[in-house]
Amino acid sequence: MNPGEESELAGQEPGKVAQVAAEIRGAIMRGDLRAGDRVPSEPQIMQDYALSKMSARRVIERLKTEGLVESRRGSGTYVRSFRPIWRHANRRLSMDLWGGGRAIWTADVEDRPLEVANLQVERVPAPDHVAEGLELEESAPVWRRSRIFVVDGVPVQHAIAYLPADLADGTPIAEADTGPGGTYARLAEGGHAPARFREVLRSRPAAADEAERLAMAVGAPVVEITRWAVTSDGRTVEYQEMLLDASRYVLEYAFSA
């Protein structure tokens, strides 16, 4: 294809890019292309659909952004092969779970391999929005626990928890290993057990630094979850911000009518 022909095609192709991406997406959703299968290459898309090189690349990038495919250096592009994490908010935050000395993540992954990467635990002045979330004075000291959760060798979530320093000082909450049951069990031991939780969810595209941390495409969908843990007497004892790769999760909430 000469430059003139490619330029003419490029002006006619935005709708065709969406159409071809939809066709490949449909093949993945129907199971015609299964996890680990190779998807059509850029040259194949150019040939089969009379698209320019740039438009064929946009088809692949669109499928990557949707979390459906991944590129392997020197090999090609393949349907992503990862079993989604079923995150049942009610079950994972149950006092029966962490009160019994089990990590809340066991409700999500069961016996799948789980690692914690890039763990940082530090005492810092509360950022303004965190001080507001914890109902503290401006720049009050808090313990910040930042970590990336890796399931089956894949980074799936970046979480940052903030806890008031007067509750965490001198406890395992200020250490790398918080012990059986995690942070909530340690709060309970100090007489500050969470009695209720509130979560707010927002879906948005991943920024460049977020995409790098979670090994995903820039602009791919993420789910941002903000959580407040509150005691029976109304004190907020944890404010947490979580960023999830949307393509890796199914989110479930159960509540009474």
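Let us look at the structure shown here. Since the model is a prediction, treat every value here as computed from it, not as a measurement. (Residues numbered from 1 in each chain as written. Predicted model: local features only at pLDDT ≥ 70, side-chain atom pairs only at ≥ 80, totals over all residues. Heavy atoms only, no water.)

1. Remarks on the side chain of D108
For the record, the criterion: In DSSP terms, a helix is any run of H or I states spanning at least four residues, a strand is any run of E spanning at least two, and both are numbered starting from the N terminus. Only protein chains enter the area calculation, which uses a 1.4 Å probe; residues under 20% of their type maximum are buried, those over 50% are exposed, and those in between are partly exposed. When checking whether two residues touch, look at their non-hydrogen atoms; a contact exists if any pair is within 4.5 Å.
One can find D108 in helix α7 (residues 106-109). Given the relative accessible area of 7%, D108 is considered buried. Apart from residues no more than four positions distant in its own chain, D108 is found in contact with I85, W86, R87, H88 and R92.

2. A look at the pattern of salt bridges
Let me state the cut-off plainly: Salt bridges are defined by distance alone: a side-chain nitrogen of Lys or Arg within 4 Å of a carboxyl oxygen of Asp or Glu.
One pass over the full model with this rule turns up 17 salt bridges. Among the ionic pairs, E122 bridges to R144, the shortest N-O distance being 3.3 Å. Of this pair, E122 sits in strand β4 (residues 114-125) while R144 sits in strand β5 (residues 141-151), and the two are 22 residues apart along the sequence. For E122, a relative accessible area of 33% translates into the label partly exposed. The class for R144 is buried, based on a relative accessible area of 17%. A salt bridge links R235 to D166, with the nearest nitrogen and oxygen atoms 2.9 Å apart. With R235 in the loop between β8 (221-231) and β9 (236-245) and D166 in helix α9 (residues 165-168), this pair connects stretches of sequence that are 69 residues apart. Among the residues examined, R235 registers a relative accessible area of 28% and is labelled partly exposed. Counted as one network, the salt bridges with shared partners bring together R202, R204, E210 and E224.

3. Comments concerning the sheet that holds β8
Within a sheet, neighbouring strands are paired by backbone hydrogen bonds and run either parallel or antiparallel to one another. Put simply, the test is: At least two bridges found by DSSP between two strands are what make those strands a pair. Helix axes use the C-alpha atoms of the stretch in contact, all axes being lines fitted to C-alpha atoms, and the angles between their N-to-C directions lie in the range 0 to 180 degrees.
Read across the sheet, six strands follow the order β4-β5-β6-β9-β8-β7 without closing on themselves; strand pairing throughout is antiparallel. Every interior strand has two partners, whereas the edge strands, β4 and β7 (194-205), have only one. If you compare each strand with its neighbour and ignore which way they point, the axes differ by 15 degrees on average.

4. Points about the environment of P172
Tracing the sequence through the fold places P172 in the loop between α9 and α10 (182-189). Residues P172 and R186 lie 14 residues apart in sequence; the distance between their C-alpha atoms is 7.3 Å. Contacts of P172, omitting those with residues within four sequence positions, involve R145, D177, T178 and R186.

5. As for the environment of S94
As for its position among the elements, S94 is in the loop between α5 (89-92) and α6 (95-98). With a relative accessible area of 22%, S94 lands in the partly exposed category. In this structure the C-alpha to C-alpha distance between S94 and P194, which are 100 residues apart in sequence, comes to 9.9 Å.

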